[in-house]
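# Working through the structure, step by step
Chain residues, written in single-letter form:
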Amino acid sequence: MPVFTPILNLLKKVAGVDPPTDTFNIQTMMNDNWDKVDQAIGLKNGNADVRVATTGDLALSGEITVDGVVLKAGDRVLVKAQTDKKLNGIYIVSAAAWKRSPDADASEKLAAGLSVFVREGSAGAGTAWRLTGAGKPVLGTSDLSFTQLGSPLAATATPGTVALRDGAGRLKAAAPSASDDVARKDTVDSAVSSLQASLNAAVTPLQADLANAAPVNLSLVPGTQTITVPRDNLLNVTSIRGRTLVNLIGRVGNMDFISNWPGSNVTVTSDTTNFTTGTSGAKLTIGSGTTKTFYLRGDTGLLAKAKAGRYYIGIMDIKSGTSALTSIKINVGSGAASNNTITTSKFTAVWGKYTPATDENCGIQIDASSASSGQILYADSARIYEVTLTEYTALNSMTADQIAAKYPYVDDVKNVNGIYIRRAAAQAADDQYQFFPDANLASNLDGSIFDELYTDSLGQARVKRWFKTIDLTGDLAWQFSGNYTGFKEVRLDGLIQAIPNTFVASAIKNNGKILDRIESTKTAMDQFGIHSTAGTLFLTIASSDSGWGDNYTPTAEEINAYFNGWVMFNGGATTNSTPDNPANNLYNGSGQKAWVRRFDGVSRGWLDGTTSLPVLQATSFSPYRLLYQLTNSIDEPARSEGAVNLYEGINTIEVGTGVVVKEKANFELIGGYWQANEGAYPSTYFKYRSYVILDVFKSRKRERNYILWSNGSYGNVRPQYAQSHYDNSAVYEVTYLTLDTCQIGIIPALISAQYVPNSREIIDSLVKITGQLTNRLAVLENNSATDKAPQWIYPTLLNSWRPYENKDRYKPSYKKVGNTLEIKGVICGGINFAPIFILPREYRPASTYHGPIVSVINATYGLSNLCVDVDGRVFVSISAASNVTGENYNYINAILPLD
């Protein structure tokens, strides 16, 4: 039968044993040649390399060190120096006893000799060895001797010879010196390391630029500051917190009417050149007397009272008209006099502070007794503010400029409003602005409760609002409440709901006076209070303001006329009837009822006398206003326009107030040109005196065909069109900064903003903005998605009103579809005329709506009346579901036009 060759183990037929008729594949066909193949391979004279060769007698077991090389299992070793030469040969290392290598483990494999190359070792690296001796060796019997073949292979080459590799297969060379030399490993490593460092230096910033990175936060303060950014970016406003200043002096502090500001040994005249607010200030010419003072007395009835145990700062802007006069004293209320340094170069915020021990009238007085006769001072912008103890304590460490910045003049009660952020460019035309014109962000005194403007996930400005401001006009449901000597009390039922003494409320008279807040019985004119349960607002009105005599009780309509700016008087007392004639001053129920309006809405100058009860608001009248804290906050959209880009490097950023955005401009043809805000034509005036005109819009598109003129303007500047450039059928609007910032609002103490630091975040931001704009455009385009499928808005319910059940279909809500307002819901728990909720301005109808609704009163179906007033109040006027007894609820479903 077939057998196998001894070396290659090839199968072959055995002659004379295997049948000659056996057939094989190709191996069978070569059967007669297998011996020759086996003999040829057996005569080979080379074996596979070994890692190391022994230099002395070894135990031939374990992972030991041979010729300086630490061996491990599987390494091949040439054993050539055993004392018992029969043990020499090629072995495979193992943790136990070594075994001979398969290519040298049989006598036949050693028959024609054996040669091997050593790769490593202190002595043997690069050497070659051959098995020597006569005859065919027999493993285990014959001595095995190995002889080295020549010298070890050279590590270097000599000129003109072939370069040889060493025992480890390496080719050694001298360090390259010429550009065409072969590089060595150390040269290549150095070059690669240098290249890697260069690549790292170039790639690391790119990696950082493409990685996620947190935005860089910014804190913008009032005035001008610089911001340095590493690349072009978009400034993103994240938060603006509210703040409120209440000037106890009111509008009297602007000194446009100096009749309320007497002097002692000081001559007081009006000055239209040196002033800080309004249109004029006071010029004080010092007399020769010992005491030289300029003051506003607290007992004139022009100021609200200061409260015991509270903290106040009084400020007046003062400038010296005489170089020798450099210091001045100021007294606030009963506080000690404070010394202040003044200059001739600018107005300085001269200030003093005090804390009264009892409720008292709080005046303010400048003491110039150190001045000489004939010296001159200029005064303007008087204000008294209540502050916190922390602020009160910090005042002594503040400069006059810091005082002026933190406590600017306001003419009554003002919140953070009319905000702009400006990036200044080399050319004013290239300036960039972002506006928040109507934010009206308020706070309580210590700032612990505040309105906050923020940017939502759609990039839209919104306000979380804790405070609300209402104009107390004649279209509210005023009622007579009480008669007192010299004044009367009126009320509004169900206007607000809050807890007295713990929530913020301020009431401002039409002339800017701050009303005293009284929670108990009213004791004097110009006081207000809020009833905790019914949410009723009470006001006291001086007979000299209203024209109602002590013996006369005004009707609801006559009260409405007063809050629309009309004063009643006895028009039949004399032939030439005037309100200020002592006989005509008050109407006591006899004679001729008559009304007249104040010519500027504040002072006692009369126009448009009539014997017919006025029903419209008087021209130029500034109504009473109420600021109060809400029981629960509301979240509503806020108007924002424009954007500010930050450019790589240094950017100059200004934060200010006093912006008016897209006010309708009234142009008239004057002197051959179409002009607006022309000083000689009040019908063309902007609402406020202009400081800078930023943009003019024609039918909502930016317009550039106008010319700006400064002379003869209402304020600093006015726009003018040539007749060929003006379109009389278009609507023109103007965005401008006003001189009268005190009438707009105050600057926030801080604006939180941010920008993104790298390219990845910029790209992500742009993608996000694009998505936001796409969403917003989808809403704002013609027949927008909101008009087609608007979302229901769920308002904050007032005055104990609540949903009939806590299910979505019962919750009061509203939405605007085109120019139509829809209201739905089922409610209970309120009373007649108590507002259910207040609609935002853009959801209010142009005229009062009355409509029937279904009601269930004591489990009986009937009809009630739903009213939606132009001031936004939504209320039930008949059969409100008060839940006193039985099953009571009102449906408030209605659809009404907004125009």
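Bear in mind the structure is a predicted one, so any value in this text is a computation, not a measurement. Just so you know, the residues in each chain are numbered from 1, in the order the chain's sequence is written. This being a predicted model, a pLDDT of at least 70 is required before a residue's local features are given, and a value of 80 or more before pairs of side-chain atoms are given or counted; all residues contribute to the totals for chains, interfaces and linings. Side-chain figures throughout are based on the complete set of non-hydrogen atoms in the structure, without hydrogens or water.

### Focus on the sheet that holds strand 47 (residues 673-675)
Under the convention used in this document: We call two strands paired when DSSP finds no fewer than two bridges between them. A helix here means a DSSP run of H or I that spans at least four residues, while a strand means a run of E at least two residues long, and both kinds are numbered starting from the N terminus. Fitting a line to C-alpha atoms yields each axis, with helices limited to the stretch in contact; the angle taken between N-to-C directions then spans 0 to 180 degrees.
Strand order in the open sheet made by the four strands is 46-47-51-50, with antiparallel pairing throughout. Here the strands that pair on one side only, and so sit at the sheet edges, are strand 46 (668-670) and strand 50 (707-709). Averaged over all adjacent pairs, the angle separating strand axes in this sheet is 40°, with direction ignored. In this sheet, strand 47 lies alongside strand 46 in antiparallel orientation, the contact comprising three bridges.

### With respect to the side chain of Arg844
Rules: For the exposure calls, accessible area comes from a 1.4 Å probe over protein chains only, and a residue counts as buried if that area is under 20% of its type's maximum, exposed if over 50%, partly exposed in between. In this charge count, Lys and Arg are treated as positive and Asp and Glu as negative; neither His nor the chain ends contribute. Between Lys or Arg on one side and Asp or Glu on the other, a salt bridge is scored when a side-chain nitrogen of the former is within 4 Å of a carboxyl oxygen of the latter. Contacts described as polar in this section are N or O atom pairs within 3.5 Å, which, within protein, must combine one atom able to donate a hydrogen with one able to accept it, while residues neighboring in sequence count only if both atoms come from side chains. Whether two residues are in contact is decided by their heavy atoms: any pair within 4.5 Å suffices.
Within the secondary structure, Arg844 is located in the loop between strand 58 (837-838) and strand 59 (849-857). Buried charge without a salt bridge: Arg844, with Asp871 as the nearest opposite-charge side chain at an N-O distance of 6.4 Å. In this structure the side chain of Arg844 is engaged in a polar contact, spanning 2.8 Å, whose partner is the backbone oxygen of Leu839. Contact partners of Arg844, with chain neighbours within four places excluded, come to Lys468, Ile838, Leu839, Val870, Asp871, Gly872 and Leu898.

### Overview of the nonpolar core
Stated formally: Put simply, a nonpolar core is a bunch of buried Ala, Val, Leu, Ile, Met, Phe, Trp, Tyr and Cys residues held in one set by side-chain atoms that sit within 4.5 Å of each other.
Membership of the largest hydrophobic core comes to 40 residues, with the highest contact counts inside it found for Ile249, Trp261, Phe294, Met316, Leu377 and Ile384. The residues contacting Leu377, other than those within four sequence positions of it, are Ala282, Lys283, Leu284, Ile286, Ile318, Lys319, Ser320, Gly321, Leu325, Ile328, Ile342 and Ala368. If you look at the next biggest cluster of nonpolar residues, it comprises 38 residues, including Val229, Leu235, Tyr385 and Leu441.

### Examining the environment of Gln375
Topologically, Gln375 is positioned in the loop between strand 25 (364-367) and strand 26 (376-387). With a relative accessible area of 11%, Gln375 lands in the buried category. Remark: the alpha-carbon pair of Gln375 and Gly287, spanning 88 residues in sequence, is separated by 8.1 Å. Each residue touching Gln375, except ones within four places of it in the same chain, is listed here: Leu284, Thr285, Ile286, Thr322, Ala324 and Leu325.

### Describing the side chain of Gln225
Residue placement: Gln225 occurs in strand 13 (residues 223-229). For Gln225, a relative accessible area of 14% gives the class buried.

### With respect to the sheet that holds strand 21 (residues 311-320)
The antiparallel open sheet is built from five strands, whose spatial order is 18-19-26-21-24. Edge positions in the sheet fall to strand 18 (266-271) and strand 24 (348-354), since each of these pairs with one other strand and no more. The average undirected angle you get between the axes of adjacent strands in this sheet is 35°. Two strands pair when backbone bridges link them, and strand 18 and strand 19 (residues 281-286) are joined in this way by six bridges, in the antiparallel orientation. Within strand 19, the position partnered with Thr269 by the bridge is Lys283.

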